[in-house]
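Chain and residue survey
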Amino acid sequence: MLDATLKRYKWNKKTFFAIVNGHSCPFEPYVSAYLNTLSSYANSTQHRYGRDLLFILKYFDRKGIDLTGRIASGDLISMAEYSDFHTQCALSSDIDLDSKVVPLLSHAESKTFRNIMASNNFVASKVSSETQRGRLNRLRSYITWLFEQFHDPLSVGEKLERNFEKLTMKMLQDERSLNVVEAHVNRHPTKDAIPPDVFCKLIEIIRPSSPNNPFTQRNRLRNYLVVTLLLDTGIRRGALAKLKISDLRSDSSGAALWIYPERDDVSDPRLERPNQKTKAHLAALNPTVMDALLFYIESDRKLICGSAENDFVFVSNSNAKGTKGQPLAAKSINEVFFTLSKVLCYRVHPHLMRHMWNDLFDDNSDHQNFTSQQVEDARKYAMGWSANSAMSDIYNDRRTYQKVRKIMQSHQDRVDGAK
């Protein structure tokens, strides 16, 4: 089996990724060169692409297929070989389809029983459609890049070009067939992002003065602000983690956070630099929350050794790996919600706050004298979506259902009253 891993490096204040062998040497020059073409993407995206590419390289190595050699020679990969890879894409990386039967069942007498269990094992090992699509997309992207390195478009043979186009078009069709909407659209329109009783408990225990607050005294105000900012603004975890003191806005027009994308901030010492995925916008903030935020900066944050060396709002209070005073890692924000989940006996996570913001936005907009179009335009701006984004349609389902329910309830009351 191929002995290779995806490694993250930092050089000259920039983060880059490489697939290396057991001796930490580059696995293959073409692989390293391809990964360098992805450097303009956010670190999290580069990591995901590199992980998918590693899955591809390990699969074809296990099959005895030299992917680079195949593309260079013009032999490509056959449709049958691609079909096998497509099937493997649906499974976890540690599952091998060549192993027909689960070892513990290999001596079972009933062939039917063995087949049933093997089928169940396949289903249980399936990954999400998004993961499958990512692997297929990465294979198509990588072999297209390889093809361009080895074959001059002016001199490539017509047959080879036709075969390559046929192969990549098949991959593209398979990708599109997996183009499912995010899992949260499956939420029933009558359901809240967070059940009311859980949400009320969350609001209670996150208060720094709450006797049920699960955090140490030194982290209570910071963690309260982490949760509150996500709930009050609907911003993503990455935007919160990269928020700087200089991004705070407070004047006669109100309080707000300046949210903007920045691919590789050289002032950020973190190995995994967070980023804002959507377009730049101002996120309105309750003045009371802004006051609490400024208080945290002038009191708790200022007392943390090393915090004065950076401009990021939220910093680490722990000295694990010498990170005290450095910008709070995105993973540490996850840990805040992991702790809250245990207390609530309900899984909450940073992105769930974004869904909850949309629910609260819908509820509040019903009491405002705005048209549906104005409401959706405001939502798109607050979420950082483009004017053409269809994401608002997903969140609009709940609001539409509530309106339909009110209309039907009114209609049914009139009908029942006429009886």
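Note: the structure precedes this text.
Being a predicted model, the structure only gives us computed values, none of them experimental. (Residues numbered from 1 in each chain as written. Predicted model: local features only at pLDDT ≥ 70, side-chain atom pairs only at ≥ 80, totals over all residues. Heavy atoms only, no water.)

Some words on a nonpolar patch on the surface
Stated formally: Residues forming no salt bridge and having over 30% relative accessible area are the ones grouped into patches, like charges within 9 Å of each other and nonpolar side chains (Val, Leu, Ile, Met, Phe, Trp, Tyr) within 5 Å. Surface exposure here means Shrake-Rupley accessible area, sampled with a 1.4 Å probe, where a residue is shielded only by the protein chains that are shown. Each reported salt bridge corresponds to a side-chain nitrogen of Lys or Arg within 4 Å of a carboxyl oxygen of Asp or Glu. Every helix listed is a DSSP run of H or I at least four residues long, and every strand listed is a run of E at least two residues long, numbered separately from the N terminus.
Taken together, the side chains of Trp258, Leu282 and Tyr381 make up a nonpolar region of the molecular surface, amounting to roughly 270 Å² of accessible area. Looking at where Tyr381 falls in the secondary structure, it is placed in helix α14 (residues 372-383).

Examining the pattern of salt bridges
Selection rule: Partly exposed residues are those whose accessible area sits between 20% and 50% of the maximum for their type, while under 20% is buried and over 50% is exposed, using a 1.4 Å probe and protein chains only.
For the coordinates displayed, the defined rule picks out 10 salt bridges. When the shortest N-O distance is used, the salt bridge between Asp265 and Lys244 registers 2.8 Å. In this pair, Asp265 is assigned in the loop between β4 (254-259) and β5 (281-285) and Lys244 in the loop between α10 (237-241) and β3 (248-251), connecting sequence segments 21 residues apart. Just as Asp265 is buried, Lys244 falls in that class too. Ionic contacts of the salt-bridge type, sharing partners, join the residues Asp362, Glu376 and Arg379 into one network.

What to know about helix α13 (residues 350-365)
Stated precisely, the cut-off is as follows: The span expected for a helix works out to 1.5 Å for each residue beyond the first.
Its 16 residues place the ends of α13 23 Å apart at the C-alpha level, agreeing with the 22 Å of an ideal helix rising 1.5 Å per residue. Within α13, 12 of the 16 residues are buried, leaving the element largely enclosed by the surrounding structure. Here α13 has its buried residues at Pro350, Leu352, Met353, Arg354, His355, Met356, Trp357, Asn358, Asp359, Phe361, Asp362 and Ser365.

Here we look at the sheet that holds β5
Condition: Two strands qualify as a pair provided that DSSP identifies no fewer than 2 bridges between them. As a rule, the C-alpha atoms of each element are fitted with a line to give its axis, helices using only the stretch in contact, and angles between N-to-C directions run from 0 to 180 degrees. Note on contacts: a residue pair is in contact if any heavy atoms of the two residues lie within 4.5 Å.
Taken in spatial order, the 3 strands make up an open sheet running β3-β4-β5, and their pairing is antiparallel. Where the open sheet ends on each side, the last strands, each with one partner, are β3 and β5. Neighbour to neighbour, the strand axes of the sheet diverge by 30° on average, direction disregarded. Bridging between β4 and β5 involves 5 bridges; their strand directions are antiparallel. Pairing of Trp258 across the sheet is with Leu282, part of β5. Against the sheet, helix α9 (residues 217-233) contacts β4 and β5, and its axis sits at roughly 110° relative to β5.

Geometric descriptors of this kind do not, in isolation, establish any biological role.
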